[in-house]
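Below are the chains, spelled out letter by letter.
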Amino acid sequence: MRREDCVYTSCYCEENVWKLCEFARGQKTPPLEELLVVFISNASRTVPLWRQRSGYGDQPVVWDYHVILLQVGLDSDPQVYDLDSDLSFPCSMELYASQALRSDRSLRPAYHRRFRVIPADSFLLNFASDRSHMRNADGSWKMPPPPYPPIHTAECQMNLDDFISMNPAVGWGQVFSLSHFLHSYLRKSSSSAAAALP
């Protein structure tokens, strides 16, 4: 997947990643079974990420949540697809961890990141958003919505909060701390890099 071929709407990262998964399902490249959707958030919904295109210099952008796509193949190093990053697309998980995620060590606890990891096929089947979280009290848009209709399932119009939540008892997938996430998804050959990060 090339960045220029991707459907992208600023501030709708969850839908951008849904569209990436849909593209992969249709093209069968990369294989859908190698793809994991990763929601990054925490209880206070304040998660800093570096190397974001909307950032300034080396300052992090603090999102309420962010969503990336992770490709984990048996014969290759894990790759991250982040349409909001100024890093290469895709970039290695090792580079993304060191440049965009960095460490929680110097951050106050309210800024510590957690990661909900969901298989791409499950995300495609279950995710729904009516985009109500992007409307102001008067009904106007905080940011212009994507040009295509809202994503929903037969049973649900809106369950975005279940994906953003880092409560392991709700939603889909598995929830990790930063250190657990890195130790789970960085290549074993990069264990020294993983040990140095969180």
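Residues numbered from 1 in each chain as written. Predicted model: local features only at pLDDT ≥ 70, side-chain atom pairs only at ≥ 80, totals over all residues. Heavy atoms only, no water.

You'll find the protein chain entered in an unreviewed UniProt entry as Protein N-terminal glutamine amidohydrolase, with Tetraodon nigroviridis given as the organism. Of the protein chain, the UniProt comment under Catalytic activity (unreviewed entry) reads exactly: "N-terminal L-glutaminyl-[protein] + H2O = N-terminal L-glutamyl-[protein] + NH4(+)". Quoted verbatim from the Sequence similarities (unreviewed entry) heading of the UniProt record, the comment on the protein chain is "Belongs to the NTAQ1 family." (UniProt positions renumbered as here; feature names shortened; annotations may be inferred.)

A. How the structure looks around the sheet that holds strand β4 (residues 66-71). Pairing is antiparallel across the open sheet formed by six strands, whose spatial order is β6-β5-β4-β1-β7-β8. Each edge of the open sheet is held by one strand with a lone partner, namely β6 (91-92) and β8 (174-177). In terms of strand pairing, strand β1 (residues 35-41) meets β4 through six bridges, oriented antiparallel. Bridging across to β4, Val37 finds its partner in Leu69. Most of the contacts of helix α5 (residues 178-185) go to β8, to which it runs at about 105°, and overall it touches β1, β4, β7 (114-119) and β8. (Pairing = 2+ DSSP bridges. Helix = DSSP H or I, 4+ residues; strand = E, 2+ residues; numbered from the N terminus. Contact = heavy atoms within 4.5 Å. Axes fitted to C-alpha atoms, helices over the stretch in contact; angles between N-to-C directions.)

B. Spatial organisation of the pattern of salt bridges. In total, this model carries eight salt bridges according to the counting rule given. Close ionic contact of Asp5 with Arg2 constitutes a salt bridge, the shortest N to O distance being 2.9 Å. With a relative accessible area of 41%, Asp5 lands in the partly exposed category. Overlapping salt bridges, with partners in common, bring together Arg2, Glu4 and Asp5 in one network. (Salt bridge = Lys/Arg side-chain N within 4 Å of Asp/Glu carboxyl O. Buried < 20%, exposed > 50% of the residue type's maximum accessible area, 1.4 Å probe, protein only.)

C. Here's a closer look at the nonpolar core. The biggest cluster of nonpolar side chains holds 29 residues, and the ones touching the most others in it are Cys21, Val37, Phe39, Leu69 and Phe123. Secondary-structure elements contributing two or more residues to this core are α1 (13-27), β1, β4, α3 (120-126) and α4 (160-164). Considering each element in turn, this core owes the most residues, six residues, to α1. Ignoring sequence-local partners within four residues, the contact set of Val37 consists of Val17, Cys21, Val67, Ile68, Leu69, Arg116, Val117, Ile118, Ala120 and Phe123. Among the nonpolar cores identified, the runner-up in size contains 25 residues, and Val61, Trp63, Tyr96 and Leu101 belong to it. (Core = buried A, V, L, I, M, F, W, Y, C linked by side-chain atoms within 4.5 Å.)

D. Structural view of the packing of aromatic side chains. For the coordinates displayed, the defined rule picks out 12 aromatic pairs. Plain terms: the ring middles of Phe176 and Phe181 are 6.4 Å apart, the flat faces sit at 65° to each other, and that makes the pair edge-to-face. The class for Phe176 is buried, based on a relative accessible area of 3%. For Phe181, a relative accessible area of 0% translates into the label buried. Relative to Tyr185, the ring of Phe176 has its centre 5.7 Å away and its plane inclined at 75°; by these criteria the two rings are edge-to-face. (Phe/Tyr/Trp six-rings, centres within 6.5 Å; stacked < 30°, edge-to-face > 60°.)

E. Inspection of the packing of helix α2 (residues 93-101) against α5 at higher detail. For the pair α2 and α5, interaxial distance at closest approach is 11 Å and the crossing angle is 160°. Classified by the angle their axes make, α2 and α5 are roughly antiparallel. Pair α2 / α5 crosses with left-handed handedness. Across the interface between the two elements, Met93, Ala97 and Leu101 from α2 touch Leu178, Phe181, Leu182 and Tyr185 from α5. Here the residues of the contact of α2 with α5 sort into seven nonpolar, no polar and no charged. (Parallel < 35°, antiparallel > 145°, perpendicular 65-115°, else oblique. Left-handed = near helix turned anticlockwise from the far one by under 90°. Nonpolar A, V, L, I, M, F, W, Y, C, P; charged D, E, K, R; others polar.)

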